[in-house]
Amino acid sequence: MKAILALADGTVFEGQQFGATGETVGEVVFNTSMTGYQEVLTDPSYNGQIVTMTYPLIGNYGCNEVDIESIGPQVEGFVVREYSAYHSNWRSKWSLDTYLAENGIIGIQNIDTRALTRRLRVHGVMNGCLATEDADGNLDAANLVAKAQAWHGLVGWDLVQRVTCPNPYAWNQHPSSSVGLQSSTLTPSENGKYRVVAMDFGIKYNILRQLTEHGCEVQVVPAKTTAAEILAANPDGIFLSNGPGDPMPLDYAIKTVQELLGEKPIFGICLGHQLLGLALGGKTYKLKFGHRGANQPVKHLETDQIEITSQNHGFCVDIDSLPNTVDITHINLNDNTLEGIQHREYPAFSVQYHPEASPGPHDASYLFSKFIQMMEKN
Amino acid sequence: MPKRTDIEKILIIGSGAIIIGQACEFDYSGTQACKALKEEGYQIVLVNSNPATIMTDPDFADRTYVEPITADTVELVIEKERPHALLPTLGGQTALNVSVALAESGVLDKYDVELIGAKLPAIQKAEDRALFKQAMEKIGLAVPNSGIAHSVQEAIALVDEIGFPAIIRPAFTLGGTGGGIAYNIEEYQKMVAAGLALSPINELLIEESIIGWKEFELEVMRDGADNVVIICSIENVDPMGVHTGDSITVAPIQTLTDKEYQEMRDSAIKIIREIGVDTGGSNIQFAVDPKTGKQVVIEMNPRVSRSSALASKATGFPIAKIAAKLAVGYNLDEIPNDITAETPACFEPTIDYVVVKIPRWAFEKFRGTDETLTTQMKSVGEAMSIGGTFKEALQKGLRSLETGWSGFDNHPLEELPLSELSSKLTIPNVERIFYIKSALKRGMSIDDIYSYTHIDPFFLYNLQEIVHFERHLSSPQTRPFIENGKPDAEAVPLLRQAKQFGFSDRQLAEIYDVSEVEVRETRKTLGIEATFKTVDTCAAEFEAETPYYYSTCSSEDEVRPTDKEKIMILGGGPNRIGQGIEFDYCCVHAAMALKTDGYETIMVNSNPETVSTDYDTSDRLYFEPLTREDVLNIYDKEKPIGVIVQFGGQTPLNLAMALKEAGVPIIGTSPEDIARSENRQLFKEVLDEIGLMQPPNGTATSSEEAAPIAASLGYPVIVRPSFVLGGRAMQIVYDEKLLEEYMDSAVQASPEHPILIDKYLEEAIEVDVDAISDGHLTVIGGIMEHIEEAGVHSGDSDCVLPPYTLVDEQIDQLKEYTYALAKALNVRGLMNVQYAIKNDEIFVLEVNPRASRTIPFVSKAIGVPLAKLAARVMAGKPLHELGFTSEIEPPYFSVKAPVFPFNRFPGANSRLGPEMKSTGEVMGIDDDVSRAFAKAQKACGYTLPLKGNAFISVRNKDKRAVIFIAKKLTDMGFELIATHGTAKVLLRNGMDVQLVYSIGKGRPTIHDYIKNHAVDLIINTPTGDLHRTNELLIRQMAIENDIPIFSTIPGAAAAVNAIDALQSGEISVKPLQDYHK
């Protein structure tokens, strides 16, 4: 079946549908990771986005029940050069087509994904509309372009409300907590030694798995949980999760973080890092085409070691906007943007990238140990 | 860390002659290292015996020693040059082994030379099987169940534990030489004995068989600050059991989830740290159980490798160059990524295309050997291709091989009975991929094919998609895209899909029964053009500065040609016997020279091992198959003012006419003149016109015609099919019976494919002449006198420059003849002529108006870069402007000696003849011709003995000549051993001889002596086919035991003189820069 991806700048890519049918709008972004499409699909940070993979063959190893980062696929649409109908891997359970179809996600294949990526790199990420032909075989490109142009986009939109958990829950009670390959090579220490409250802005399961593996008992709470509610539980530490979209409209979360600062050790990842930055008085801005992939070099300024990191963000904390109460701990070697901060007085630190990986390298998993040490000291 | 300033002079060791398992890739890595370190201001001392390498060009190092790569010779270099550091990781296993020997013997300590890149303990830990296994266990990684054996007894005890099939891997051998898979105890004992003999430390690793598991490789780099990155991941299509050099491989990994890939990545990082490779690249191989995902570590190479060259070309990340910079102290984040210019080298390349590597074999030259692919590498070259999908890349790769396939074609033996087909699928072989096609066409299921081949179903599915699509294309229900000679616009989507599936115009022409030209024209009319994309290390995340391109069928073409004057150079494609690094050397030189003259150079090639496919070599690199279609696509895009076809060997020459017909401006000698030299009738006219002689000859268009022609010429005759490469299927035939055999077995004669029959000039001296001509002036580059008589392929002969037995009159005559030929053939550029001198008469054997295999050797011998001059001549500069107007006769001797791969092909006929069988060559230089010969022998791996037992067995006609040789040997203190006939002659001439029996006639035989290590030198000239088995066995044993063997009288004489020279004093070493002064 024919499908079209129409960009707001009028560019139209025509290809074939796979997965679900219908029509969707979102911000079109590219991810350069060569593996891990299932993790990408299920990462809540991609909510509101149509994701294209730069690696051309997707679907090769199918989909399974365990390589998930949330309850199911979160992307608005999925764009690939060639979808592999055959899936070959000892753990594979479904084809990608089935997986997307059952979860209502539209896929398009057989388009020049490199041309699309180059367009996004040169002109910046842009809004797009992805649609499949209707029962009569109609698909109007001009109409789709208009829809892409009319869409409000991500800036200023609180996407967290679409992905945060409705009610608090204990991760060890969660059905997904018992499955999944543990990515760390650490031997599980005594579980439940540290009680951590994780604010869920769209948290990836692998963060929860990693915290658990490092000996934490994690209580996951909705994004709008107040500081008072969190502190009432008297946790050993507070985790600020990743999540989709623009951090600016999340004033409630920024306020909560401000109130939590100095009370308990805080560790933030991605959106959690941006919220910490904003809570500390910094500013955020939108990157031209973001960082999405598993090969981003980050320098840890304390040790001069380089970590190859997994990243997924379109917004960034302005390195020059930070108050002098904050140390810059990590920077991106590709474009020298901010990748990590630590408060000089309070036990609080955060990174823009994803030490929990999934997909991506495990180089930065030491950050979870750092959080543990911080809680231990406190 | 910034670069080190405590070292100034660095010794780099190359990998020597091209052999199976060690080819151009180490010239690529060594050249990159030389360039990178020179750029940093270090002085480079280089040792490499291979003259065909770019790295041994005198410009690339400060002191270039074309000397044997043996510990004692390198020690002489160290003594003379006193380098501060030795970089051992860029010259393959050869350099690594010599470096280890120098470190272990204390030479490095003695002269205070530091090993950089990898220290001795790290090399030992990676290379010694037991230490490696221990190290893996220490970091908690699984390795296949295995044990180490130093004797047959130990090995037998081990296999009781491990069980069959068992894998045998000798320690420290090249490309797994001597390794194999044994399925029963008898086979096992045989392989163990052979393996122990081959391993320099008499050590074997006996391993649990994990045949059929998935095989993967990671290319890893580490810097001095302990940063580790993965440059490329590779998945082998052929599962465990086939050497990775013999496997079709794909980059990146296709069938692992991120969880599994990251587990492998974590292991690789742990391994490089535990082994302790300080800086640089390593290759780590893993196997994965397809049923459970269990991962085991197979091995690690603590150096750059064939795979790292492939990874560099596959990703655009120059591993060797970066490794060299890391070795002198830089960290990864201090080195910029050339391709993006704005980001650092400290990252992991991500690619947005699929890379396929396909090996090329040469079994047709080694008839009689087992052609099964095993854990021992047998391929002689490889092609790499880049496509948007696996299907496209695979089909491009298959046509890049230049073995006649135009893609994923039908196997000619499609109708094999099922039982035979299943065995072709089960037992790995050269054409297995095409047998898979036969199976798919018959409707065999993916599951069934998997159960035979254990090739991952993902790949089989992709192959099946190609087969199904081809069926759809050929179906009568499908509209053809050409109807009544007119393009059908309705067929555009179908045609586009065909291109996306990688179908070549030739394949489509076959399907639609039209000509390739018609397909191309129709396709272009319908607007379906190849689009070009950039290899940029980053999947378009950053802008690419480096113009490295590939074609794929897609919507956007991102290449923007400039309006500069451009010249396009067509490379030589995958290495094969007869066409290898020498031609790549010429192409690289052309690019360098034309760049200096202000042209924009465009390189087209498909061989990932080469320097020509380094993005630094030319202004623009197209990594593409060398076919009419692919080259024309680039031509249409770039519109160069000239295309050079005479440097890449036969590959571009074969395209010359078709390109010219399509309007491509070929520069240099015209394709018509080239054809005149190749066409027997036209060439005869040329020779008649200038009054030169050829050996008497005739042409047979049928088998029946052959016998009377041969009889009229008089036996022996040389027979060969017309238009062949490297003397393919060329043979000396001594009588009518053998001629009949040849006509029946080797070739089918027909009017289109006649058989050429030449009188064989026995005992003639063969001479090679390389010359350059600008159309007015012709200058001889070098005259090379062969040591072996005419009849041995020039690529397989030892030769000497300048001639060592010819008189001035003969040399002058050879020059005059060469000038006349250059004039008659309107040569613009290079020309090679082969002459035979018999009874003071000079015969022309062959003229090739193109770069020859000997150009790099001659260039190094005379100190003039002939290929560079030729490229500039072709672009219009006269020789006098280039300052090369007269011949150079060097006051020293250069000897070229061939290296053979017979140790890989047991059972094959190892006799030398008109069909070329060597894979590479070395050069020996000395003021004295005998010492130069001794050096060349040593560089081939044959150290001439200074004392011991010499075995002599010669045919009757050589008995006179051998007397003097034998006498000299006894004078020099050798003991003689001979077979009956030879012994009698020697006895009669007053020499002491120990008699041995011919095999099968009594004991002891020479066999027994060799077994007892009581033979140090063999002189054995072939007697014709009567005793063939006896001779073959002797040759085979000599090869296995590394005993120098000479099978011609002139060769034996040269060897004896060389021994004499060596006895009067050890060899000395001298750099090219000093010779060329």
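Coordinates for the structure precede this section.
Residues numbered from 1 in each chain as written. Chains lettered and ligands numbered in written order. Predicted model: local features only at pLDDT ≥ 70, side-chain atom pairs only at ≥ 80, totals over all residues.

Our next topic: the overall build of chain B. When helices and strands are counted, chain B shows 37 helices and 41 strands. Relative to its length of 1077 residues, chain B is compact, with a C-alpha radius of gyration of 28 Å against a globular reference of 31 Å. A principal-axis box enclosing the C-alpha atoms of chain B has dimensions of 85 × 70 × 65 Å. Here chain B holds 1077 residues, and the buried ones make up 59% of them. Partitioning the intrachain contacts of chain B with sequence separation of at least 6 by distance along the chain shows that 71% fall at a separation of at least 24. (Helix = DSSP H or I, 4+ residues; strand = E, 2+ residues; numbered from the N terminus. Rg over C-alpha atoms; globule rule 2.2 N^0.38 Å. Buried ≥ 20, exposed ≤ 12 C-beta atoms within 10 Å, placed from the backbone. Contact = placed C-beta atoms within 7 Å.)

So, about the sheet that holds strand 7 (residues 166-170) of chain B. Residues and elements named next belong to chain B. Read from one edge to the other, the open sheet built from four strands follows the order 6-9-7-8, with strand pairing classed as antiparallel. Looking at the sheet topology across the chains shown, the edges are occupied by strand 6 (146-149) and strand 8 (180-182). Neighbour-to-neighbour, the strand axes of the sheet open up by a mean angle of 25 degrees, direction not taken into account. Examined bridge by bridge, strand 7 and strand 9 (residues 204-208) share five bridges and lie antiparallel to one another. Of the residues in strand 9, the one forming a bridge with A166 is E208. (Pairing = 2+ DSSP bridges. Axes fitted to C-alpha atoms, helices over the stretch in contact; angles between N-to-C directions.)

This paragraph deals with the sheet that holds strand 32 (residues 799-801) of chain B. Residues and elements named next belong to chain B. Here we have seven strands laid out as an open sheet, ordered 34-33-30-31-32-35-36, and antiparallel in their pairing. Among the strands making up the open sheet, the edge pair consists of strand 34 (841-848) and strand 36 (920-926). Across the sheet, the axes of successive neighbouring strands diverge by a mean angle of 25 degrees, strand direction being ignored. Two elements, strand 33 (residues 829-838) and strand 34, share seven bridges in a ladder whose sense is antiparallel. The residue of strand 34 that forms the bridge with N832 is N848. Here helix 27 (residues 808-824) sits on the sheet in contact with strand 30 (765-773), strand 31 (778-789), strand 33 and strand 34, set at roughly 125 degrees to strand 31. Contacting strand 30, strand 31, strand 32, strand 33, strand 35 (893-899) and strand 36, helix 28 (residues 855-862) crosses the sheet at an angle of about 110 degrees to strand 31.

Turning next to the pairing of strand 16 (residues 381-387) of chain B. All names here are of chain B. With respect to burial, strand 16 is a largely interior element, seven of its seven residues being buried. The alternating pattern of strand 16 places G381, A383, S385 and G387 and E382, M384 and I386 on opposite faces, both of which are buried. As judged from the seven bridges shared by strand 15 (residues 354-360) and strand 16, these two strands associate in the antiparallel manner. When the sheet's bridge partners are listed, V355 is paired in strand 16 with I386.

With that out of the way, let us pick up the interface of chain A and chain B. Listed as interface residues are 43 residues of chain A and, on the opposing side, 44 residues of chain B. Elements that contribute at least two residues to the side of chain A that touches chain B include exactly helix 3 (113-123), strand 15 (284-300) and strand 16 (305-317) of chain A. The element that contributes the greatest number of residues to the side of chain A that touches chain B is helix 3 of chain A, accounting for five residues. Across the side of chain A that touches chain B, the residue classes break down as 16 nonpolar, 16 polar and 11 charged. (Nonpolar A, V, L, I, M, F, W, Y, C, P; charged D, E, K, R; others polar.)

Turning next to the environment of Q258 of chain A. Residues and elements named next belong to chain A. Note that Q258 resides in helix 8 (residues 251-260). For Q258, a count of 16 C-beta atoms within 10 Å puts it in the partly exposed group. Sequence separation of Q258 and Q311 is 53 residues, and the distance between their C-alpha atoms is 25 Å.

Below, the discussion takes up helix 31 (residues 929-939) of chain B. Residue and element names in this part refer to chain B. Most of helix 31 is tucked away: 11 of the 11 residues are buried. For helix 31, every residue scored as buried is listed here: V929, S930, R931, A932, F933, A934, K935, A936, Q937, K938 and A939. Where helix 31 is buried, its residues meet strand 32, strand 35, strand 36 and helix 36 (1049-1063). Two residues or fewer after helix 31 comes G941, characterised by a positive phi angle close to 100 degrees.

All right, on to the nonpolar core then. Residue and element names in this part refer to chain B. The biggest cluster of nonpolar side chains holds 424 residues, and the ones touching the most others in it are I569, A590 and I644. Of all the elements, helix 20 (residues 581-596) adds the most residues to this core, at 10 residues. Setting aside chain neighbours within four positions, we find I569 in contact with C587, A590, A591, T601, I602, M603, I644 and F647. By size, the runner-up hydrophobic cluster in this structure holds 17 residues, among which are A171, A182, Y188 and M191. (Core = buried A, V, L, I, M, F, W, Y, C linked by C-beta atoms within 7 Å.)

Residue and element names in this part refer to chain B. Across the nine residues of strand 10 (residues 214-222), nine count as buried, placing the element largely inside the fold. Side chains K214, F216, L218, V220 and R222 project from strand 10 onto one buried face, and the interleaved E215, E217, E219 and M221 project onto a second face that is buried too. In this sheet, strand 13 (residues 280-288) lies alongside strand 10 in antiparallel orientation, the contact comprising nine bridges. Bridging from a neighbouring strand, V220 pairs with S282 of strand 13. In textbook terms, the turn of a hairpin is the stretch between consecutive antiparallel strands, and for strand 10 and strand 11 (residues 228-236) this stretch comprises five residues, one of which, D226, has a positive phi near 70 degrees.

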